[in-house]
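Survey of secondary and tertiary structure
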Amino acid sequence: MSEKLLEIKNLKTSFRIKDDYYAAVDNLSLSVNKNEVLAVVGESGCGKSALAFSVMGLHTRAKIEGNILFKDHDIANISSNDLNNLRGNEMGMIFQDPLTSLNPLMEIGDQIGETLILHNKDLSAEKRKEKIIGLLDKVGIPRPERVYKQFPHELSGGMRQRVMIAMAIANEPELLIADEPTTALDVTIQSQILELINELKEDMNAGIVLITHDLGVVAEMADRVAVMYAGQIVEIADVHTLFESPKHPYTRSLLNSVPNADKAQDKLHVIQGIVPALQNLPREGCRFKARIPWVDDSEHEENPELHEVTPGHFVRCTCYKHFDFPESKEEQHGIS
Amino acid sequence: MAFLNVEDLKVHFPIKGGIFGRTVDHVKAVDGVSLSLEKGTTYGLVGESGSGKTTTGRAIIGLNKITSGKVMFEGKDITNNISRGRSEFRKDVQMIFQDPYSSLNPKKRVIDIVAEPLRNYEKLSKKEEKIRVQELLELVGLSPESILKYPHEFSGGQRQRIGIARAIALKPKLIIADEPVSALDVSVQAQVLNFMQDIQKELDLTYLFIGHDLGVIKHMCDNIGIMYKGRYVEEGTADDIFSNPQHIYTKRLVAAIPDIDPRKRQEQHEFRQEVKAEYEQSYNDYFDDEGLAYPLQPVSDTHRVALPEKG
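Since the model is a prediction, treat every value here as computed from it, not as a measurement.

**Focus: the sheet that holds strand S8 (residues 206-211) of chain B**
Residue and element names in this part refer to chain B.
- Across the sheet, which stays open at both edges, the eight strands sit in the order S6-S7-S8-S3-S9-S10-S12-S11 with mixed pairing between neighbours. Of all the strands in the sheet, the pair left with one neighbour each is strand S6 (93-96) and strand S11 (296-298). Sheet twist, expressed as the mean angle between neighbouring strand axes with direction ignored, is 20°.
- Pairing of S6 with strand S7 (residues 174-178), which is carried by four bridges, proceeds in the parallel orientation. By the bridge assignment for S7, Met95 is matched with Ile176.
- Against the sheet, helix H1 (residues 53-61) engages strand S3 (42-46), S6, S7, S8 and strand S9 (223-228), with an angle of about 150° to S7.

And the structure:
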């Protein structure tokens, strides 16, 4: 059994809309082990980034309940001092958009140097520069001495993302959170960046939370996968189980809606309806119910729980047992 | 005669420099692209960011100035008709834009957005116009009551469908779709792609589909052109490109597509390493001294590859 690195227990992250709080992450529990990539998959608005930001303690206005246990700390209830010691040191984050996440007025070397100055005070300036150049080299940037003196706008998208990764791993974090790290990149660069993240996992024995909506990336990278819908995990399993025998209707629908390079399909599967806005989210019963109206009400649970179907494979609600895709395309196409 | 024929299209942007802001050099965004489309088919234009695929599409429709080359649409030369005002061509060729959030005017109601092309070309009474817009909205699967709503009241997929309703309002013959699903989630993407295929059959449309997601391109396109630094590296049917890629750049691009089967992970990893090694080793055989692609040579009736001339 591998060692647990991060354990999230009943996390509830709520945002204030007008006068009420609405949970974007609703009673979510999961854990990440060392030397493991856990992929969190879902569409925009399912709460996957809200989850990442909660773990990094980056929400300033959200109400966070539950526990986020990392080493000896509970990030959900931590002083900002302790949090600042953890962030950038023992946990690092790679953000989605490398252009807006880098400071345009600062040289690359100085930006990476910031985290080293903060968390590694006794490093001399010379040693620091050496280390930064080493980091740039490690993430595959050609001519690191030159890039050290450059500004973000002088680099291409792939290079910027590498700089972000160099920054995130500067202090060899044990936990790395990558929020859509390759979404803004071209496929050839994407495959290089993913390869790099994989190498880092092996090198540093780190736990990685990979947040993405790209199922191809999940299939290539993840050890375990959590599928999120409307703030909850609807299915969690190891990557092989999830792709070979997905259970939850949402997981199956998602897999069916990807244009598959090997399989010629006429029509892609379309999920009926839309993801409800945060304040309109059904808080009772199966949250996916409205998107599969042909499944009878009685087949959903009243308070859907995660059920363990095989060891390590959990599925929410009982509706998966009765779910099948409708035969007629018209029925499926019911567009609002 | 092909439906749309582009011959040796070049689009160069000037680089201004010096104290007087003189043109010191040019960026060759599109540097000698030729392609032809048959009616009712979908042609995919693929490349990484900066390869010139969007510029090519925009030059064809007249949004970028053509430096040299020829664009023939239904046998007519329309290259220099760029500032031609309300010509037939403008009506027959429409565009779907990448980002459904910035390509719809947020201050206009849906009816004004969709009716704008109608107002330019057809003299309809208010009542007729309303009926036409409602028909169009129904065609794209939106409720006819939504004509008075504003764009922000719709989801991403719905907005993209409003953009499509606007594009098909004048019953065009050719639609240039510039990354129409790149900004959308997979399930919404599926909806838009299905829908584009449906209206293609219904209205006998021809698509020039610009994209970088090879899974989507393979799903949608009959013929595919691969661009790199403003030039073609390979062109052929979807089968030619995906099953029998010849150019090292195409091979690399195809190898980089993430496979949705986790069992193939190791295999895929090794394959990529192999292709990468081949790419680095034979780079000089496939690109000239400036790192640009050679002119295309036919390898079969449908398949052309940028290879150095023999000898």
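Moving on, there is more to tell.
**Some details on the environment of A:Gly113**
- Tracing the sequence through the fold places A:Gly113 in helix H4 (residues 108-119).
- Ignoring sequence-local partners within four residues, the contact set of A:Gly113 consists of A:Arg128 and A:Ile132.

**Notes on the domain arrangement of chain A**
All names here are of chain A.
- Here chain A is described as being made up of domain 1 (4-222) and domain 2 (232-333).
- For domain 1 and domain 2, the distance between their C-alpha centres works out to 29 Å.
- Taken together, the contact between domain 1 and domain 2 spans 13 residues of the former and eleven residues of the latter.
- Listed by contribution, the elements that provide at least two residues to the side of domain 1 that touches domain 2 are strand S1 (4-17), strand S2 (20-33) and helix H9 (215-221).
- If you tally residues by element for the side of domain 1 that touches domain 2, the top one is S2, at five residues.
- Taken together, the residues of the side of domain 1 that touches domain 2 break down into ten nonpolar, one polar and two charged.

**Topic: the packing of helix H5 (residues 156-168) of chain B against helix H6 (residues 186-203) of chain B**
Residues and elements named next belong to chain B.
- It is at 9 Å that the axes of H5 and H6 come closest, and there the two elements cross at 20°. In terms of axis orientation, H5 runs roughly parallel to H6. Handedness of the H5/H6 crossing: right-handed. In contact with Gly156, Gly157, Gln160, Arg161 and Ile168 of H5, H6 contributes Val188, Gln191, Val192, Phe195, Ile199 and Leu203.
- Across the contact of H5 with H6, the residue classes break down as six nonpolar, four polar and one charged.

**Section: the domain arrangement of chain B**
Residue and element names in this part refer to chain B.
- Here chain B is described as being made up of domain 1 (4-229) and domain 2 (238-311).
- Placing the centre of domain 1 and that of domain 2 at their C-alpha centroids yields a distance of 29 Å.
- The interface of domain 1 with domain 2 comprises nine residues on the first partner and eleven residues on the second.
- For the side of domain 1 that touches domain 2, the secondary structure elements donating two or more residues are helix H7 (214-220) and S9.

Quick notes on the rules
- Residues numbered from 1 in each chain as written.
- Chains lettered and ligands numbered in written order.
- Predicted model: local features only at pLDDT ≥ 70, side-chain atom pairs only at ≥ 80, totals over all residues.
- Pairing = 2+ DSSP bridges.
- Helix = DSSP H or I, 4+ residues; strand = E, 2+ residues; numbered from the N terminus.
- Axes fitted to C-alpha atoms, helices over the stretch in contact; angles between N-to-C directions.
- Contact = placed C-beta atoms within 7 Å.
- Domains from an automatic or database assignment.
- Nonpolar A, V, L, I, M, F, W, Y, C, P; charged D, E, K, R; others polar.
- Parallel < 35°, antiparallel > 145°, perpendicular 65-115°, else oblique.
- Left-handed = near helix turned anticlockwise from the far one by under 90°.

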